Every structure is written in structure tokens, then in C-alpha cells.
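# Inside the fold
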Amino acid sequence: MSSDGGSGISSGLARSIARSVVTSLFGGLAVISTLRDFATNPLRFLRGRIIPPVLGAIFGFVFDLADIIAQPFQAIIGTLNLLSASLTTALRSVTGPIEDALAQSAGFLVSLTVPFGALQPFVLAALAILIGYAVIVVSLRLARATADAIPVVSGIETFLFG
């Protein structure tokens, strides 16, 4: 019964029915409040609701693109690290025996000069200078012979040394 004494629907009941119809049509109070926010201030609504997902998508795309660009460089860096490890191993396999030979040679020279007593350091220094000179001369001759065997380097070596 209505408040005016008639047989119609009361205004509170009509509002309640209208509210439930609108709520069911638009998907609930959350959607209605979203539509109300959009209607009252569209720019603020866009800033608050649309821009964050768009910026997230842009940043996601940029970071994915950066990862795609970085992958070949990471592969190159990994390859260079493997090359470095391999070259280090190879260099140690070459320099290890040379170090051992130098240590044994130095030990042999020390034991060879023991009979000189107090003059041992001077004799040892003279032998070291003599052996160093011989190694330098042999190395230079070997380098020049190798340079003569290589066509372009042979021309440069001939130009420099006659």
C-alpha cells in the first residue's frame, strides 16, 4: 500500500526495484561506481584506470625488446668467457713447462757455482748475463728466419734491416 492511501507501489519500493534492476543490468555496484566516476570526471578516470595498464604494457614491451636485443650479446659474452678459459688453460700448459725448466736451470746454475764460495754471486750473475745474451741472439735470429718465411713480413723485414 502506498502512503497516500492509494493502491500503488510505494516510492521506497520503487527505488529499491529500480536500484536492483540497474544493479543487475550493469553488473553490480562496483561497475555503477566506475560509470559514475567516469561521468563525473572523465580525465581523472582515464588517468586512474586507463593510463597504468597502458604504461605497464609499454614498459613490458620495452623490457621484452631489450631482452631480445641483449640475448645475442649475452651469447657473445658467454663465448668470450669460454674462449678466455680455454686460452688460459692452453697458456698455462705452455708456460708451466717453461717455468719448470727455468727453475731447474736456475737450480743447476746455483749448484754449478757452489765451488766458487764467496765469489758465487758474481759468477752466477756473469753466467746469467751470458745465458740471457745467448737467448736474445738466438731469439732474434729465429724471429728473422721466421719473418723471411712469410711473404708479406719478409718484404717488411727486408725493408727494415736490408
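Residues numbered from 1 in each chain as written. Predicted model: local features only at pLDDT ≥ 70, side-chain atom pairs only at ≥ 80, totals over all residues. Heavy atoms only, no water.

## Points about the overall build of the protein chain
What counts, and what does not: Helix numbers and strand numbers start at the N terminus; a helix is a DSSP run of H or I with at least 4 residues, a strand a run of E with at least 2. Burial status follows relative accessibility: with a 1.4 Å probe on protein chains alone, a residue under 20% of its type maximum counts as buried, one over 50% as exposed, and anything between as partly exposed.
Looking only at helices and strands, the protein chain has 5 helices and 0 strands in total. Listed by position from the N terminus, the elements making up the protein chain come as α-α-α-α-α. Burial status across the protein chain gives 6% buried among its 162 residues.

## Digging into the packing of helix H4 (residues 120–149) against helix H5 (residues 151–161)
Which entries qualify depends on this criterion: Inter-axis angles, ranging from 0 to 180 degrees, are taken between N-to-C directions of lines fitted to C-alpha atoms, where helices are fitted over the stretch in contact. Geometric relationships in this document are graded by angle, where less than 35 degrees denotes roughly parallel, more than 145 denotes roughly antiparallel, 65 to 115 denotes roughly perpendicular, and other angles denote oblique. Every residue pair with non-hydrogen atoms within 4.5 Å of one another is taken to be in contact.
At a minimum axis separation of 6 Å, H4 and H5 run at an interaxial angle of 125°. Viewed along their axes, H4 and H5 adopt a mutual orientation that is oblique. Across the interface between the two elements, Arg144, Ala147, Asp148 and Ala149 from H4 touch Pro151, Val153, Ser154, Glu157 and Phe161 from H5.

## Thoughts on the side chain of Thr113
Filter applied, for reference: Polar contacts, as used here, are pairs of N or O atoms within 3.5 Å; protein pairs need one atom able to donate a hydrogen and one able to accept it. Residues neighboring in sequence count only if both atoms are side-chain atoms.
Here Thr113 shows up in the loop between helix H3 (42–112) and H4. Given a relative accessible area of 1%, Thr113 falls into the buried group. A polar contact is formed between the side chain of Thr113 and the backbone oxygen of Leu109, at a distance of 3.0 Å. Polar contacts involving the side chain of Thr113 include one to the main-chain carbonyl oxygen of Val110, which spans 3.2 Å. Among residues more than four places away in sequence, those in contact with Thr113 are Gln120, Val123, Leu124 and Leu127.

## So, the side chain of Gln120
Here Gln120 shows up in helix H4. Within the local environment of Gln120, its side chain forms a polar contact with the side chain of Thr113, the two groups lying 3.2 Å apart. With sequence-adjacent residues up to four places away left out, Gln120 is seen in contact with Val110, Thr113 and Val114.

## Some points on the confidence of the model for the protein chain
Where we set the bar: The pLDDT score gives, residue by residue, the confidence of the prediction method on a 0 to 100 scale.
Overall, the predicted model of the protein chain reaches an average pLDDT of 84, with 89% of residues at or above 70. Per-element confidence in the protein chain is highest for H4, whose mean pLDDT is 91, and lowest for helix H2 (residues 29–40), whose mean pLDDT is 74.

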